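Close look at the chain arrangement
Listed below are the residues making up each chain.
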Amino acid sequence: MTAQIIDGKAFAAQMRSRVAGHVVRLNEEHGITPGLAVVLVGDDPASEVYVRNKGRHTIQAGMSSLEYKLPTETSHADLLALIERLNSDPEIHGILVQLPLPEHLNADLVINAIDPAKDVDGFHISNVGFLATGQNAMVPCTPLGCLMLLRGHLGDLAGLEAVVVGRSNIVGKPMAQLLLCDSCTVTIAHSLTRDLASICRRADILVAAVGRPEMIPGDWIKPGATVIDVGINRIARDGKQQLVGDVDFSSAAGIAGAITPVPGGVGPMTIACLLANTVTACCRAHGLPAPKGLTL
Ligand code: GUN
C-alpha cells in the first residue's frame, strides 16, 4: 500500500483564504479590522523567521500586524508593561509572545499576563482549563491545525484509537485534549513510555510530536493508519541540510493509509490557525459569532 499524502500546504492556503473572506466581511459590515501583535524578545534567528512569516501572512489576510522587537536584556517589568498596554488596546485582538524567551524571563509568568481573550496561542492557563473542560477556549495553533487535517481527511473521528507521541504543553497535551473532544480513545506516550512500538501499532491516528528526527519507523505503524508528523528537524544527509519529521517517511509511506509530509504538512497549518484564532478573538471581542469551520 502507498499512503495518501495529506497536503497541508493546500489545506492551509484554503483556510487562509476563508480567513481573508471573513476579514473582508468584518470590515465591510462592521468597520472592524482584526489586529495581531507579535512580540519577539532577543535575536534568535529561527524566531525572527517565524515572526516575519506571521507578520507577512497577517497582512496578506487583510488584518493589521504589529511587531514589537525587544532587546535580549529586556526586563520582566518592561515586557509586562508592554503586554498590559496591548491588553487594553481595543485595536489589538490577538497577542503572541514568541517562544522561547531569553533565559532570564519566566515564560509562564509572561504568558499568563496576556488577556486570555487575546491569547491567540492558547497557552494561558485559563485557555488550557477551558479546553480541558470543553468551554470556549482559544486553541493552540499547531494541534488545532492537526485536528483540521484529521477531520478533513477522515471526517468523524469518534471511536478511533489515537496515540499522541509527545507531552509538551504546546502540542502533545492540547492535541490529546482535542482528540478526546472528538471522541477518540486517546493515549499519550513519551520518551519514557515502555514498548512504544506496540502502543504506536494500535493507533488508527498516530500524531508524532517528539522532536526527534525519524524516530518512528514504518513497522511501528498499523496498516492503513493516518499519520500526522509534527516534527520539523534539521539534519545533515549526504552533505546537505535537510528537513525531516519525527516519522521515517520513506518506510511509513508504504504502510500508513495517509501521512503528512515534512515540509508541507502540519507546518503551514500553524500560521493558518493563528490567523483563524485572531479572527475568532476579534469576533468574540465584538460580540459577533465566531466563523464556523475556523475553530472547534
Ligand atoms: N515557538 C515555537 N512554536 C511557537 C508557537 O506556536 N507559539 C509561540 N508563541 N512561540 C512558538
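The following paragraphs examine the structure supplied in this document. (Residues numbered from 1 in each chain as written. Predicted model: local features only at pLDDT ≥ 70, side-chain atom pairs only at ≥ 80, totals over all residues. Heavy atoms only, no water.)

1. Comments concerning the overall build of the protein chain
We count it as follows: Secondary structure elements follow DSSP: runs of H or I no shorter than four residues count as helices, runs of E no shorter than two count as strands, and numbering proceeds from the N terminus. Here's how the labels work: a residue is buried when its accessible area is under 20% of the maximum for its type, exposed when over 50%, partly exposed in between, all with a 1.4 Å probe on protein chains only. Should any heavy atoms of two residues lie within 4.5 Å, those residues are counted as being in contact. Accessibility throughout is a Shrake-Rupley quantity obtained with a 1.4 Å probe, and a residue counts as covered only by protein chains that appear here. Only four residue types enter the tally: Lys and Arg on the positive side, Asp and Glu on the negative side; His and the chain ends are excluded. Throughout, a charge is located at the NZ atom of Lys, the CZ atom of Arg, the CG atom of Asp or the CD atom of Glu.
Regarding its fold elements, the protein chain presents ten helices and eleven strands. Seen through its principal axes, the protein chain has C-alpha atoms that stretch 55 × 45 × 35 Å. By residue count, 48% of the 296 residues in the protein chain fall in the buried class. A sequence separation of at least 24 residues applies to 69% of the contacts in the protein chain between residues at least 6 apart. Within the structure as shown, the protein chain displays about 13400 Å² of accessible surface, and the carbon and sulfur contribution to it stands at 53%. Computed over 23 positive and 28 negative side-chain charges, the separation of the two mean positions in the protein chain equals 4 Å.

2. Considering the side chain of Thr-226
Mapped onto the fold, Thr-226 is located in strand β8 (residues 226-229). Thr-226 gets classed as buried once you look at its relative accessible area, which sits at 2%. Excluding residues that lie within four positions of it along the chain, Thr-226 makes contacts with Ile-6, Leu-150, His-153, Leu-154, Asp-204, Ile-205, Leu-206 and Ala-258.

3. Describing the site of the ligand
The test is simple: Put simply, a residue is near a molecule or strand once any heavy atom of it comes within 4 Å of that molecule or strand. N or O atoms within 3.5 Å of each other form a polar contact, as long as, within protein, one can give a hydrogen and the other can take it, and as long as residues adjacent in sequence are counted only when both atoms are side-chain atoms. The classification used treats Ala, Val, Leu, Ile, Met, Phe, Trp, Tyr, Cys and Pro as nonpolar, Asp, Glu, Lys and Arg as charged, and all other residues, Gly among them, as polar.
In the vicinity of the ligand, the contacting residues are Leu-96, Val-97, Gln-98, Leu-99, Asp-121 and Phe-123. Note that a nitrogen atom of the ligand is positioned 2.8 Å from one of the backbone N or O atoms of Val-97. Here a nitrogen atom of the ligand sits 3.3 Å away from a polar atom, N or O, in the side chain of Gln-98. When the free accessible area of the ligand is taken as 280 Å², the share hidden by the protein chains comes to 79%. Counted by class, the shell around the ligand contains four nonpolar, one polar and one charged residues.

4. A closer look at the nonpolar core
Short version of the rule: We call a set of buried residues a nonpolar core when its members are Ala, Val, Leu, Ile, Met, Phe, Trp, Tyr or Cys and they connect through side-chain atoms within 4.5 Å of each other.
Counting 54 residues, the largest nonpolar core has Val-19, Leu-179 and Ile-228 as the members making the most contacts within it. Among the secondary structure elements, those contributing two or more residues to this core are α1 (8-30), β2 (35-41), α6 (141-154), β5 (161-165), α7 (172-181), β7 (205-208) and α10 (267-285). When residues in this core are grouped by element, the largest group, eleven residues, is from α10. Look past the residues within four positions of Val-19 in its chain and what remains in contact with it is Ala-61, Met-63, Ala-272, Leu-275, Ala-276, Val-279 and Leu-294. Counting 20 residues, the second-largest nonpolar core is a separate cluster that includes Ala-203, Ala-225, Val-247 and Ile-259.

5. Here we look at the sheet that holds β5
The condition is simple: When DSSP finds at least two bridges between two strands, those strands are taken to pair. Between N-to-C directions, angles span 0 to 180 degrees; the directions come from axes that are lines fitted to C-alpha atoms, helices contributing only their stretch in contact.
Pairing within the open sheet is parallel, and its six strands lie in the order β1-β11-β8-β7-β5-β6. The outermost strands of the open sheet, each flanked by one partner alone, are β1 (4-5) and β6 (185-189). Of the pairings in the sheet, the one linking β5 to β7 comprises four bridges and is parallel in character. Considered in β7, the bridge of Val-163 is made with Leu-206. Here α6 sits on the sheet in contact with β1, β7, β8 and β11 (258-259), set at roughly 155° to β8. Where α7 meets the sheet, its contacts fall on β5, β6 and β7, and the angle it forms with β5 comes to roughly 170°.

6. Focus on the environment of Arg-202
With respect to the helices and strands, the residue Arg-202 is situated in the loop between α8 (196-200) and β7. For Arg-202 and Ala-225, which are 23 residues apart along the polypeptide, the C-alpha to C-alpha distance reads 9.1 Å. Apart from the residues lying within four places of it in its own chain, the contact partners of Arg-202 are Glu-161, Thr-187 and Lys-222. Reaching out from Arg-202, the side chain makes a polar contact with the side chain of Thr-187 at a distance of 3.1 Å.

7. A look at the environment of His-93
By the secondary structure assignment, His-93 is in the loop between α3 (76-87) and β4 (94-97). Taking the C-alpha atoms as reference points, His-93 and Phe-249, separated by 156 residues in sequence, lie 39 Å from one another.

8. Considering unusual backbone geometry
With an omega dihedral of 5°, the bond running from Leu-99 to Pro-100 counts as a cis peptide bond. Inspection of the secondary structure puts Pro-100 in the loop between β4 and α4 (107-111). Cis peptide bonds are those with omega within 30 degrees of zero, and the linkage from Val-262 to Pro-263 qualifies with 0°. The backbone phi angle of Ser-183 is positive, close to 65°, even though this residue is not glycine. Look at Ser-183 and you get partly exposed, because its relative accessible area is 44%.

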